[in-house]
Amino acid sequence: MNFDCEYFDLSLSKDIFERYIAKILNKSEGLNITVPYKEKIIDYIDPDQDVKNIKACNLVYKNKGYNTDWIGFYETIKDFDFKDKNILILGAGGAAKAIIYALYKKGIKNIDLINRTYSNSCILKEDMKQFIDINTYKKEKINEIILKNNFLINCTSVGMYDQRFEFNYNLLSKYSFIYDIVYKDTELIKYANNKKINNKNGFDMWKNQAIENLKIWKIYDNKFEGVIKCLKT
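Residues numbered from 1 in each chain as written. Predicted model: local features only at pLDDT ≥ 70, side-chain atom pairs only at ≥ 80, totals over all residues. Heavy atoms only, no water.

S.K.: I tried to follow the pattern of salt bridges on my own but got confused; where do I start?
M.R.: Two side chains of opposite charge can pair, provided their charged atoms sit close to one another. A full pass over the atoms with the stated rule returns 16 salt bridges. Here aspartate 112 ties to lysine 148 by a salt bridge, and the two come within 2.7 Å at their closest N and O atoms. Taken as a pair, aspartate 112 in strand β6 (residues 110-114) and lysine 148 in the loop between α6 (142-147) and β8 (151-154) lie far apart in primary sequence, 36 residues in all. The buried category is assigned to aspartate 112, whose relative accessible area is 2%. In this structure lysine 148 comes out as partly exposed when scored by relative accessible area, which is 43%. What emerges from the salt-bridge pattern is a single network uniting Glu39, Lys97 and Asp127. (Salt bridge = Lys/Arg side-chain N within 4 Å of Asp/Glu carboxyl O. Helix = DSSP H or I, 4+ residues; strand = E, 2+ residues; numbered from the N terminus. Buried < 20%, exposed > 50% of the residue type's maximum accessible area, 1.4 Å probe, protein only.)

S.K.: Looking at this structure, how should I read the side chain of aspartate 69?
M.R.: Note that aspartate 69 resides in helix α3 (residues 69-77). Here lysine 38 takes part through its side chain, which lies 2.7 Å from a polar atom of the side chain of aspartate 69. For aspartate 69, the side chain forms a polar contact with the side chain of asparagine 58, separated by 3.4 Å. Setting aside residues up to four positions removed in sequence, aspartate 69 forms contacts with Lys38, Asn58, Ala98, Met205 and Gln209. (Polar contact = N/O pair within 3.5 Å; in protein donor to acceptor, adjacent residues only side chain to side chain. Contact = heavy atoms within 4.5 Å.)

S.K.: Teacher, can you tell me more about the state of the cysteines here?
M.R.: The tally for this structure, following the rule as stated, stands at zero disulfides. Left without a disulfide partner, cysteine 122 is nearest to the cysteine sulfur of cysteine 155, which lies 17 Å away. Looking at cysteine 122, the relative accessible area reads 33%, which means it is partly exposed. Cysteine 155 sits in the buried class, given a relative accessible area of 7%. (Disulfide = S-S within 2.5 Å.)

S.K.: Where do I start with the sheet that holds strand β5 (residues 87-90) in this structure?
M.R.: Within a sheet, neighbouring strands are paired by backbone hydrogen bonds and run either parallel or antiparallel to one another. Strand order in this open sheet of six strands is β7-β6-β5-β8-β9-β10, and the pairing throughout is parallel. Strand pairing shows two members of the sheet lacking a second neighbour, β7 (133-137) and β10 (199-200), which therefore form its edges. Where β8 lies against strand β9 (residues 177-180), four bridges are found, and the strand directions are parallel. The residue of β9 that forms the bridge with leucine 152 is isoleucine 178. (Pairing = 2+ DSSP bridges.)

S.K.: Please clarify how the packing of aromatic side chains should be interpreted in this entry.
M.R.: Two aromatic rings are characterised by how far apart their centres lie and by the angle between their planes. On inspection of all chains with the given rule, the structure shows 20 aromatic pairs. Note on phenylalanine 151 and phenylalanine 177: the rings are 5.2 Å apart at their centroids and 10° apart in plane angle, and the pair reads as stacked. Of the two residues, phenylalanine 151 sits in strand β8 while phenylalanine 177 sits in strand β9, which places them 26 residues apart along the sequence. Given the relative accessible area of 2%, phenylalanine 151 is considered buried. Look at phenylalanine 165 and phenylalanine 167: their rings are 5.3 Å apart centre to centre, the planes differ by 20°, and that puts the pair in the stacked class. We note lysine 138 situated over the ring of tyrosine 118; from NZ or CZ to the ring centre the distance is 5.5 Å. When the ring centre of tyrosine 169 is taken as reference, the NZ or CZ atom of arginine 164 above it lies at 4.2 Å. (Phe/Tyr/Trp six-rings, centres within 6.5 Å; stacked < 30°, edge-to-face > 60°. Lys NZ or Arg CZ within 6 Å of the ring centre and 35° of its normal.)

S.K.: Explain the nonpolar core to me, please; I cannot follow it from the model alone.
M.R.: The nonpolar side chains of a soluble globular protein tend to be buried with one another. Phe73, Ile87, Ile89, Ile99, Leu103, Ile111 and Ile153 are the most contacted members of the largest nonpolar core, which has 32 residues in total. With eight residues, the top contributor of residues to this core is helix α4 (residues 94-106). Ignoring sequence-local partners within four residues, the contact set of isoleucine 87 consists of Phe82, Leu103, Ile108, Ile111, Asp112, Asn149, Phe151 and Ile153. Tyr137, Ile145, Leu172 and Leu188 belong to the second-largest nonpolar core, a separate cluster that totals 18 residues. (Core = buried A, V, L, I, M, F, W, Y, C linked by side-chain atoms within 4.5 Å.)

S.K.: It is not clear to me how the environment of leucine 124 should be interpreted in this structure. Could you clarify?
M.R.: Structurally, the position occupied by leucine 124 is in helix α5 (residues 118-128). Taking the C-alpha atoms as reference points, leucine 124 and glycine 93, separated by 31 residues in sequence, lie 7.9 Å from one another. Here leucine 124 is in contact with Ala92, Gly93, Ala96, Lys97, Ile100, Leu113 and Ile134, once residues within four sequence places are set aside.

S.K.: When you look at the packing of α3 against α4 in this model, what are you seeing that I'm missing?
M.R.: When two helices pack together, their arrangement is given by the angle between the helix axes and the distance between those axes. It is the contact of α3 with α4, at a shortest axis distance of 8 Å, that shows an interaxial angle of 50°. When the axes of α3 and α4 are compared, the pair comes out oblique. Crossing geometry of α3 relative to α4 is assigned as right-handed. Between α3 and α4, the residues in contact are Asp69, Trp70, Phe73, Tyr74 and Ile77 and Ala98, Ile99, Tyr101, Ala102, Leu103, Lys105 and Lys106, respectively. Among the residues making up the contact of α3 with α4, the classes are represented as nine nonpolar, no polar and three charged. (Axes fitted to C-alpha atoms, helices over the stretch in contact; angles between N-to-C directions. Parallel < 35°, antiparallel > 145°, perpendicular 65-115°, else oblique. Left-handed = near helix turned anticlockwise from the far one by under 90°. Nonpolar A, V, L, I, M, F, W, Y, C, P; charged D, E, K, R; others polar.)

That is the geometry; function is a separate question.
Structure (structure tokens):
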């Protein structure tokens, strides 16, 4: 695209993050932030209103923090009809907050949520209570809660490296939709395809949030439409 810039991956352990993030921000015009630092990064940047609402940041530009995850997800569900859909969320990290915020923007009033660490579910519920009513449950109740819902959104990284959830996937056999935000076909998506359950992986969410990144970084123009067409294939 003939832009004078470089984009590269930087993996940081917790101690390295805390020691060097201020210097990294100072030397970088823009950053993407992924797990496990989407919440921690807020202490080091100037958050916009969406980041303040969501309490998670995945994009920095000139030390200002943004959340494009919620926009990326919203773009993939904006035409969904959620009538008679009972939504179960798996996960309580930064990605889950962005997804829940997008659901709020879509008009969803109530969801169920299960996370491996129950205390984190309660923190998320408190963080998002002004936007949406969240019913939190301990992981031991997952089978019961799966059966009372019909629309699943996986907001964890389970499946990114071919892991599987420990619950019986056949409990999902009557679901109307399974959405896994991991941007490849996980075991969960393979199950949905096998059972002919409507489903979506995270690729389009990933693509749409990337477009928002480029717009904020001011390096997006119509030339990228050709790139996006290639990505779709």
